[in-house]
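# Secondary and tertiary structure notes
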Amino acid sequence: MTGFFSGIATAMITPFDENGVNLEELGKMIEFQIDGGTDALVILGTTGEPATMTEAEKESVIRYSVKKADGRIKIIVGTGSNDTAKAVASSVKAEKLGADGVLAVTPYYNKCTQKGLYDYYKAICDAVSIPVIAYNVPSRTSVNILPETVEKLAEIPNMAGIKEASGNMAQVCETMRRIRGKTDLYSGEDFLNLPMLAIGGAGLISVASNIAPALLKKMYTLVKQNRLEEANAVQDFLLPLEDACFLEVNPIPVKAAYNMLGFNAGVPRSPLTELEEENKIKLKKAIKNAGLKGI
């Protein structure tokens, strides 16, 4: 399927405090995203730290986000796992709780074959009626969805696309060639947002849009209007900020950035740590140079 969403989706952080998930602050962040022109929110993806959250916490985030969005913006829930049965169960729960779609990262650690990947996504798609987006990020999972596998997945009726974060533009171009008009391609690599859009990507799922949604949306709009010179200027302006968002492993920097913008994002959960002091200085400079304003 094509057309589930186009534009920008923010891979949302999860704000924590001493009592657990700070839902009130999450609500402020959702409003900030909507005001910035974001088209969809991905909750409980890698950036949301679900690996350190209880099932009750994850359910509360889904319920709250769906209610807060109130149909104004699509809510996509991260449901991937290295256990197919768990990924299926999480996807079914997300649908029951009102999610508009799910994003399922490839299985990780217990590496599988391309057939295993197809079977994994087929099982998820068969279990739900909402759109499913595959997520390819081999730098984290050590598993790579090959273009021919994505082409086969595109035949599944509710396979809505692939979030591509392999960093391999040759592979991305081949994937796009094989799935064009069948299912959608989304950039999952902030540094490659513009070229992925330029070859026909339907949108992007961004970490940097946590703090700069309006700028990312502007770049997306310019590309789709074929105003590439202007789009390149925006992307050039964004690159130092995007670099700063990955000074340390995601979501450490972007969570610190939210705090610098006046939100109460809290700190990452162990084993992640707070941003190092020297990197805080670099991040503050990047935020200032980008002219960002929070609340």
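The structure we're discussing is the one just above.
Residues numbered from 1 in each chain as written. Predicted model: local features only at pLDDT ≥ 70, side-chain atom pairs only at ≥ 80, totals over all residues. Heavy atoms only, no water.

### Structural notes on the overall build of the protein
Keep this limit in mind: Counting from the N terminus, the helices are DSSP H or I runs at least four residues long and the strands are E runs at least two residues long. Only C-alpha atoms enter the radius of gyration; for comparison, a globular chain is expected to reach 2.2 Å times N to the power 0.38, where N is the number of residues. Under the scheme applied here, a residue whose accessible area is under 20% of the maximum for its type counts as buried, over 50% as exposed, and between as partly exposed, the area being computed with a 1.4 Å probe on protein chains only. Any pair of residues with heavy atoms lying within 4.5 Å of one another is described as a contacting pair. For the charge count, each Lys or Arg is scored as positive and each Asp or Glu as negative, with His and the chain ends excluded. Every charge is mapped to an atom, namely NZ of Lys, CZ of Arg, CG of Asp or CD of Glu.
Check the secondary structure of the protein and you find 12 helices and 10 strands. On C-alpha atoms alone, the protein measures out to a radius of gyration of 18 Å, which is about the 19 Å that the 2.2 N^0.38 rule sets for 295 residues. Considering only C-alpha atoms, the protein reaches an extent of 45 × 45 × 35 Å along its principal axes. Here the protein holds 295 residues, and the buried ones make up 54% of them. Taking as baseline every contact in the protein between residues at least 6 positions apart, the subset at least 24 positions apart corresponds to 72%. If you average the places of the 32 positive and of the 35 negative side-chain charges in the protein, the two averages end up 2 Å apart.

### Overview of the environment of Asn158
The condition that has to hold: The term polar contact refers here to a pair of N or O atoms within 3.5 Å; inside protein, the definition further demands a hydrogen-donor-capable atom paired with an acceptor-capable atom, and it admits residues adjacent in sequence only when both atoms are side-chain atoms.
Looking at where Asn158 falls in the secondary structure, it is placed in the loop between α6 (147-153) and β8 (159-164). Overall, the relative accessible area of 11% leaves Asn158 in the buried class. With near-sequence residues (within four places) excluded, Asn158 lies in contact with Met1, Cys125, Val128, Ser129, Ile130, Pro131 and Val132. Among the polar contacts made by the side chain of Asn158, one reaches the main-chain carbonyl oxygen of Cys125 at a distance of 3.0 Å.

### So, the nonpolar core
Definition in use: What makes a nonpolar core is a set of buried Ala, Val, Leu, Ile, Met, Phe, Trp, Tyr and Cys residues whose side-chain atoms join them at distances within 4.5 Å.
Ranked by internal contacts, the top residues of the largest apolar core, which has 83 residues, are Leu241 and Leu292. Filtering out sequence-adjacent residues up to four positions away, Leu292 remains in contact with Ile211, Ala212, Leu215, Leu241, Leu261 and Ile287. Ala9, Tyr135, Val137 and Ile205 belong to the second-largest nonpolar core, a separate cluster that totals 17 residues.

### Focus: the sheet that holds strand β6 (residues 101-105)
Selection criterion: A pair of strands is labelled paired if DSSP reports no fewer than 2 bridges between them. For helices, the axis comes from a line fit to the C-alpha atoms of the stretch in contact; other axes are also lines fit to C-alpha atoms, and the angle between any two N-to-C directions lies between 0 and 180 degrees.
Ordered by their spatial adjacency, eight strands build a closed barrel running β1-β4-β5-β6-β7-β8-β9-β10, and the pairing between neighbours is parallel. When the angles between neighbouring strand axes are averaged without regard to direction, this sheet yields 25°. Direction of pairing for strand β7 (residues 132-136) relative to β8: parallel, over a ladder of five bridges. Bridging from a neighbouring strand, Ile133 pairs with Gly161 of β8.

### Points about the layout of surface pockets
So the rule is basically this: Cavity means a closed set of points on a 1 Å grid over the protein atoms alone, one where a 1.4 Å probe fits but cannot get out, pocket means an open set with protein on both sides within 12 Å along at least 5 of 7 lines, and lining means a residue has an atom within 4 Å of a point. Grid points are joined across faces, edges and corners, and a volume is the space filled by probe spheres set on the points. Residue type decides the class: Asp, Glu, Lys and Arg count as charged, Ala, Val, Leu, Ile, Met, Phe, Trp, Tyr, Cys and Pro as nonpolar, and the leftover types, Gly among them, as polar.
Approximately 850 Å³ is the volume found for the largest pocket. Taken together, 33 residues line the largest pocket, and the ones lying closest to its centre are Leu44, Pro50, Ala51, Gly80 and Tyr108. Mapped onto the lining of the largest pocket, the elements with two or more residues apiece are α2 (55-69), β5 (74-78), α3 (84-96), β6 and α5 (138-141). A per-class count over the lining of the largest pocket returns 15 nonpolar, 10 polar and eight charged. Roughly 330 Å³ of internal volume is contained in the second largest pocket. What lines the second largest pocket is a set of 22 residues, among which Tyr135, Gly188, Val207, Phe246 and Asn250 lie closest to the centre. Taken together, the residues that form the lining of the second largest pocket break down as 11 nonpolar, seven polar and four charged.

### Description of the side chain of Thr14
Residue placement: Thr14 occurs in the loop between β1 (7-11) and β2 (16-17). Given a relative accessible area of 2%, Thr14 falls into the buried group. Residues within four places of Thr14 in sequence aside, it is in contact with Val21, Thr47, Gly48, Glu49, Met53, Val61, Lys255 and Ala265.

### Things to note about the pattern of salt bridges
One side chain can pair with another of opposite charge once the charged atoms of both are near each other. Defined as follows: Criterion for a salt bridge: a side-chain nitrogen of Lys or Arg within 4 Å of a carboxyl oxygen of Asp or Glu.
Summed over the entire model, instances satisfying the criterion amount to 17 salt bridges. Salt bridges sharing common partners tie together Glu151, Glu174, Arg177, Arg178 and Lys182.

### Some remarks on helix α4 (residues 114-127)
What counts is decided by this rule: Under the convention used throughout, the expected extent of a helix is 1.5 Å for every residue step, that is, one less than its residue count. As used here, the arc is the angular range of directions from the helix axis to the C-beta atoms.
Relative to the 20 Å expected for 14 residues at 1.5 Å per residue, α4 spans 20 Å between its end C-alpha atoms, a close match to the ideal helical length. Inspection of α4 places Leu117, Tyr118, Tyr120, Tyr121, Ile124 and Cys125 among the buried residues, and these make up the whole buried set. Each buried residue of α4 lies within a common arc of 160° when the element is viewed along its axis, so the set occupies one face. Turned more than 90 degrees off the buried face of α4, the exposed positions are Lys115 and Asp126. Residues of α4 that are buried sit in contact with α3, β6, β7, α6 and β8.

### Comments concerning α2
In a regular helix each residue adds 1.5 Å, so 15 residues correspond to 21 Å; α2 covers 21 Å between its end C-alpha atoms and thus fits that length. Of all the positions in α2, only Glu57, Lys58, Val61, Ile62, Ser65 and Ala69 are classed as buried. Buried residues of α2 fall within an arc of 135° about the axis and therefore sit on the same side. When the buried face of α2 is taken as reference, the exposed residues oriented beyond 90 degrees from it are Ala56 and Lys67. Looking at the residues trailing α2, positive phi occurs at Asp70, about 50°.

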